[in-house]
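# Per-entry structural report
Now for the letters of each chain:
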Amino acid sequence: MAHFTFDAVVKIGSMALIRKEDNDLDYNIISRLANDLRPGYILVSSGAAEIGRIDYMKRNGSELKGDLEEIKTDYSSQGQAILMGLYRDFIDPKYSVRQMLVEHSHFNEPEKAEHLRKLFFRAANQNAIPIVNYNDPVSNEETRRFEIASLRQNKGDGEVVECVDNDETAVVVSQLVGAERLVILTSTEGIYKDPKDASTLIEEVRGSSAEEIDAKIDEMLAYCSGASRVGANGAKAKLMFAKRALENGTDVVIASAAHRLSDIMDGKVRCTRLMID
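What comes next concerns the included structure. Keep in mind it's a predicted model, so treat the numbers as computed, not measured. (Residues numbered from 1 in each chain as written. Predicted model: local features only at pLDDT ≥ 70, side-chain atom pairs only at ≥ 80, totals over all residues. Heavy atoms only, no water.)

## Focus: the overall build of the chain
Along the chain, the regular secondary structure elements total 10 helices and 10 strands. Computed over C-alpha atoms, the radius of gyration of the chain comes to 18 Å, within 12% of the 19 Å expected from 2.2 N^0.38 for 277 residues, which places it in the range of a compact globule. C-alpha atoms of the chain, sized along the principal axes, occupy 55 × 45 × 40 Å. Split into buried and exposed, the 277 residues of the chain put 49% on the buried side. Sequence separation of 24 or more characterises 74% of the internal contacts of the chain that already satisfy a separation of 6 or more. Accessible area for the chain stands at about 13,200 Å²; split by element, carbon and sulfur atoms hold 46% of it. (Helix = DSSP H or I, 4+ residues; strand = E, 2+ residues; numbered from the N terminus. Rg over C-alpha atoms; globule rule 2.2 N^0.38 Å. Buried < 20%, exposed > 50% of the residue type's maximum accessible area, 1.4 Å probe, protein only. Contact = heavy atoms within 4.5 Å. Areas by Shrake-Rupley, 256 points an atom, 1.4 Å probe, with all protein chains shown as cover.)

Next up, the structure:
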């Protein structure tokens, strides 16, 4: 149908969008990233819930209290509008911006997956940049778990997409469109053998086959521990999801959001790059 080839799916995590020192949005990172986006890129952006939380606190002087699932939903719906507005402000005005809120069913049901794939390709061909996020404002966790369990029962050994976080969402989007690269932007430069020692950054991991790169990633998992926030799955999850992208022919880059996306794509900064030769 479409002639467009996707250069990259770019995923940015919540904590990469926040200044830790004053618990506020990092407008420099947002503007720098948005300015480098163009047709041929798909952005998978976390951050709606965290941005909604910060905005609510600024307006009301305290955080929400009560049911944690409801609070996440409320923060997400408040933050999503802010997040999209910021990207629209800083993306080159000659490009359109299209918001795509997805749930696990969009990848597990073939008809919905094909609908989404065509939507991505039309956006690229129509000079638009898709921005994807999981549809937390209308997603009920209990219902999601029931649906996932039902899918597992029906599919048997078949793969079931859970979209447990946007790392997985970014991987399945890259599989769906056959992206050349998956760029995962974080608050660190990549994967370290020792997170406390910057000189131990693992800059390149190559394998001649999916089996070889999987074995090397399994070795790297021993270096990974913890996550940047409650609810995040950390570096281990990023590497486990990266296996799926690599097996599909997509190179994976894990890099700091502090760098320009264009410099990351051009290999001008230190980061972790994974690929099958």
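Now that the structure is up, let's keep going.
## Thoughts on the pattern of salt bridges
Summed over the entire model, instances satisfying the criterion amount to 19 salt bridges. The salt bridge partner of Asp-24 is Arg-19, with a shortest N-O separation of 3.8 Å. Asp-24 gets classed as buried once you look at its relative accessible area, which sits at 15%. Classification of Arg-19 as partly exposed rests on a relative accessible area of 23%. As a salt-bridge pair, Asp-167 and Lys-238 come within 3.1 Å of each other at their nearest N and O atoms. (Salt bridge = Lys/Arg side-chain N within 4 Å of Asp/Glu carboxyl O.)

## Some thoughts on the environment of Ile-51
Take Ile-51: it is sitting in helix α2 (residues 48-60). Judged by relative accessible area, which is 2%, Ile-51 ranks as buried. Sequence separation between Ile-51 and Leu-17 is 34 residues; the distance between their C-alpha atoms is 8.7 Å. Those residues in contact with Ile-51, other than ones at most four positions away along the chain, are Ile-18, Leu-25, Gly-79, Ile-82 and Leu-83.

## Observations concerning the packing of helix α1 (residues 27-36) against helix α3 (residues 68-90)
When two helices pack together, their arrangement is captured by the angle between the axes and the distance separating the axes. Between α1 and α3, whose axes approach to 8 Å, the crossing angle comes to 55°. Considered as vectors, α1 and α3 are oriented oblique to each other. Considering how the two elements wind past one another, α1 and α3 form a crossing that is right-handed. Of the residues in α3, those in contact with Tyr-27, Ile-30, Ser-31, Leu-33, Ala-34 and Asn-35 of α1 are Leu-86, Tyr-87 and Phe-90. Grouping the amino acids of the contact of α1 with α3 by side-chain chemistry returns seven nonpolar, two polar and no charged. (Axes fitted to C-alpha atoms, helices over the stretch in contact; angles between N-to-C directions. Parallel < 35°, antiparallel > 145°, perpendicular 65-115°, else oblique. Left-handed = near helix turned anticlockwise from the far one by under 90°. Nonpolar A, V, L, I, M, F, W, Y, C, P; charged D, E, K, R; others polar.)

## Digging into the packing of helix α8 (residues 210-220) against helix α9 (residues 234-247)
In the contact formed by α8 and α9, the axes pass within 10 Å of each other and the chain directions differ by 170°. Taken together, α8 and α9 sit at an angle that is classed as roughly antiparallel. Contact residues: α8 offers Ala-210, Ile-213, Asp-214, Ile-217, Asp-218 and Met-220, while α9 offers Leu-239, Lys-243, Leu-246 and Glu-247.

## With respect to the nonpolar core
Val-9, Phe-120, Leu-239, Val-252 and Leu-274 are the most contacted members of the largest nonpolar core, which has 42 residues in total. Core analysis: the second largest hydrophobic core is formed by 35 residues, Ala-8, Leu-33, Leu-185 and Met-265 among them. (Core = buried A, V, L, I, M, F, W, Y, C linked by side-chain atoms within 4.5 Å.)

## Points about the sheet that holds strand β10 (residues 272-276)
Reading across the sheet, the eight strands line up as β5-β6-β4-β1-β7-β9-β10-β8 and stay open at both edges, with mixed pairing between neighbours. In this open sheet, the two strands that pair with only one neighbour each are β5 (96-102) and β8 (204-207). Neighbour-to-neighbour, the strand axes of the sheet open up by a mean angle of 15°, direction not taken into account. Sheet analysis places strand β1 (residues 8-12) next to strand β7 (residues 181-186), joined by five bridges and oriented parallel. Looking at β7, one finds that Ala-8 is bridged to Arg-181. Packing against the sheet, α1 makes contact with β1, β4 (41-45) and β7, and its axis sits at approximately 170° to β1. Lying over the sheet, α3 contacts β1, β4, β5 and β6 (128-134), oriented at roughly 150° with respect to β5. (Pairing = 2+ DSSP bridges.)

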